[in-house]
Amino acid sequence: MKDLYRFVITAIITACAAYTTPIGFVTKQGAKLYLNGKEYRAMGVNMPNLHQSYMGTWFHDREKYGTHENAKQAMIDGVLDAAKNGVAFMRFFAGPGYPKDISLLYAKDPERYWKMMDEVFALCRTNNIRLIPSLGTVTGWYSWCSEPAQAILDPSSKTYAATMKYIREFVSRYKDDPTVLMWELENEVMLKADVDVKNRPLKPKGVYPADFPNTIRTNGEREDSLTWDMIMRIYKEHTAFIRSIDPNHLITSGDSRTRDECTSRRETFPDFKYRSDTWDELLANNIASQSSLDVFSFHQYGKPGNLTDEKKYPGWPATSGERCIGLVHAALASGKPVFIGELGQDTPKHAEDPGMEWTLRYIDACEKEGAPLICLWVWHFVWQSKDFNMTSASHPLIAKRIAEFNKKYAAQ
């Protein structure tokens, strides 16, 4: 009876929200976003496992939720909590997951996979929440295909074929749907630039199905490394491919930012010799790295009182907050909108700090700077309950700030 009551309440709340579905596509002019002729700024949240736990394919579902039904309901509860508190959009990791996850549904019954994706979109659409699907276009498929990561650059490879097939299916299905705020290529790929993976551990055997028919590679080869030039090429080609299918939506990278030692890695790969970038080099690298995208993507984490190590980073801004805002300022000044795809504080952890002073101050600074999109890490994500997980009940001040920001800037 309790489960029936919960189901009925969920259905009623979802139905009542149906009259506020997203309308219009988000566009850009210079460093600003627009929606239906008005400047658009918005705050959202990350729910990384949104579609996988709804479908019952997330690798950690049984560990964290017990049953598929519980996992699915947890995703519904997260969306409804977001809608209740005026969240404008959600970012989620939209690939089918590890090889074991892929085998559970997408490889077995793709029709049902896309039908359930439609249900996720409908749940968010009827609650007036837009989506930023992170497609996993760079490293999402090479393990499934038992090929090195560089296979994504080879049009004759299985990895390339599987990646482009998934992009085509996903983007074609929702290209005319305003529920998509914009497309994202993949999470934090530029952090992989010029990192030599030879002899380093790859994914463990446990993330593969027991009857996996291909070779399981657990140690990296040089061909699993992606250089700066390779990633830049991938970004350019994948962005062009998505645009050839979908003329309606903007595209972002999903990057955190370049590494602090990006220049020296690029200059010395694979025999890395460390030298931290100057502040000017870091800004230039971040702007150059996303030149083919519509919207800059940065992930920002910090902590109160976090000071720069002047010996290691001479000339850098003095605090973590100043560093983060300095990057936003430079990106906006270069003429493109900025998406803070992940915003969180390292210490004190969320569970210990319902007020989250550093995060609130950073939101204020981003608002003053003019950053159009801010996405908090992380919402209803039990995997990180000890560190970053938030709900409106656990962090009412954050929920209130989201509602205020979106009422001011995202109401249409």
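On a predicted model such as this, the values are computed, not experimentally measured, just so you know. (Residues numbered from 1 in each chain as written. Predicted model: local features only at pLDDT ≥ 70, side-chain atom pairs only at ≥ 80, totals over all residues. Heavy atoms only, no water.)

Novice: How should I be thinking about the pattern of salt bridges in this particular structure?
Specialist: Between side chains of opposite charge, pairing is possible as soon as their charged atoms come close. One pass over the full model with this rule turns up 23 salt bridges. Glu-221 is paired through a salt bridge with Arg-217; the nearest N and O atoms lie 3.3 Å apart. Residue Glu-221 is classed as partly exposed on the basis of its relative accessible area, which comes to 33%. According to the relative accessible area criterion, Arg-217 is buried, its value standing at 14%. For Glu-261, the salt bridge goes to Arg-259, with nearest N and O atoms at 3.7 Å. Residue Glu-261 is classed as buried on the basis of its relative accessible area, which comes to 8%. For Arg-259, a relative accessible area of 29% corresponds to the partly exposed category. Taken together, the shared-partner salt bridges in this structure form one network comprising Asp-364, Glu-367, Arg-401 and Lys-408. (Salt bridge = Lys/Arg side-chain N within 4 Å of Asp/Glu carboxyl O. Buried < 20%, exposed > 50% of the residue type's maximum accessible area, 1.4 Å probe, protein only.)

Novice: What is the right way to read the packing of helix α7 (residues 158-174) against helix α8 (residues 228-245) from this model?
Specialist: For any two helices packed against each other, one specifies the inter-axial angle together with the distance between the axes. Orientation of α7 relative to α8, taken along the N-to-C sense of each, is 35°, at an axis distance of 10 Å. Crossing of α7 against α8: the hand is right-handed. Mapping the contact onto sequence places Thr-163, Met-164, Ile-167, Arg-168, Val-171 and Ser-172 in α7 and His-238, Phe-241, Ile-242 and Ile-245 in α8. Among the residues forming the contact of α7 with α8, the class breakdown is 6 nonpolar, 3 polar and 1 charged. (Axes fitted to C-alpha atoms, helices over the stretch in contact; angles between N-to-C directions. Helix = DSSP H or I, 4+ residues; strand = E, 2+ residues; numbered from the N terminus. Left-handed = near helix turned anticlockwise from the far one by under 90°. Contact = heavy atoms within 4.5 Å. Nonpolar A, V, L, I, M, F, W, Y, C, P; charged D, E, K, R; others polar.)

Novice: Would you take a moment to explain the layout of surface pockets for this structure?
Specialist: Empty space among the atoms becomes visible once a probe the size of a water molecule is rolled across them. Size it by volume and the largest pocket reaches roughly 1,200 Å³. In terms of residue count, the dominant contributor to the lining of the largest pocket is helix α5 (residues 99-104) (3 residues). Considering only residue class, the lining of the largest pocket consists of 23 nonpolar, 13 polar and 9 charged. (1 Å grid on protein atoms, 1.4 Å probe; cavity = no way out; pocket = protein on both sides within 12 Å on 5 of 7 lines; lining within 4 Å. Points joined across faces, edges and corners; volume = space filled by probe spheres on them.)

Novice: Just checking my understanding: could you explain the packing of α8 against helix α10 (residues 279-289) for this structure?
Specialist: Contact geometry for α8 and α10: axes closest at 11 Å, N-to-C directions at 40°. Note on element contacts: α10 touches α8 through Asn-285, Ala-288 and Ser-289, opposite Trp-228, Met-232 and Tyr-235. Within the contact of α8 with α10, the residues separate by chemical class into 4 nonpolar, 2 polar and no charged.

Novice: Got a minute to help me understand the packing of aromatic side chains in this structure?
Specialist: For any two aromatic rings, the description comes down to two numbers: the centre-to-centre distance and the angle of the planes. For the structure shown, the criterion picks out 30 aromatic pairs. Between Phe-59 and Tyr-98, the ring centres sit 5.5 Å apart and the planes meet at 90°, which makes this aromatic pair edge-to-face. You can see Phe-59 sitting in the loop between α2 (50-55) and α3 (61-65) and its partner Tyr-98 sitting in the loop between β5 (89-93) and α5, a full 39 residues away along the chain. In this structure Phe-59 comes out as partly exposed when scored by relative accessible area, which is 30%. One aromatic cluster in this structure is built from Tyr-106, Tyr-113, Trp-114, Phe-121, Trp-141, Tyr-166, Phe-170, Tyr-174 and Trp-183. One Lys or Arg, Arg-41, reaches over the ring of Tyr-409 and ends 4.4 Å from the middle of that ring. Its guanidinium or amino end placed over the ring of Phe-272, Arg-265 lies 4.0 Å from that ring's centre, counting from NZ or CZ. (Phe/Tyr/Trp six-rings, centres within 6.5 Å; stacked < 30°, edge-to-face > 60°. Lys NZ or Arg CZ within 6 Å of the ring centre and 35° of its normal.)

Novice: What's the story with the sheet that holds strand β1 (residues 26-29) in this structure? I'm lost.
Specialist: A sheet is described by the order of its strands in space; here 3 strands give the open sequence β1-β2-β3, paired in antiparallel fashion. Edge positions in the sheet fall to β1 and β3 (38-39), since each of these pairs with one other strand and no more. Here strand β2 (residues 32-35) pairs with β3 via 2 bridges, running antiparallel. Looking at β3, one finds that Leu-35 is bridged to Lys-38. (Pairing = 2+ DSSP bridges.)

Novice: What's the story with the pairing of strand β6 (residues 130-134) in this structure? I'm lost.
Specialist: Within a regular strand, side chains alternate between the sheet's two faces. In terms of burial, β6 is largely enclosed, as 5 of its 5 residues are buried. Of the two faces of β6, the one holding Arg-130, Ile-132 and Ser-134 and the one holding Leu-131 and Pro-133 are both buried throughout. Both β5 and β6 contribute to a ladder of 5 bridges, which runs parallel. Directly across from Arg-91, in β6, lies its bridge partner Ile-132.

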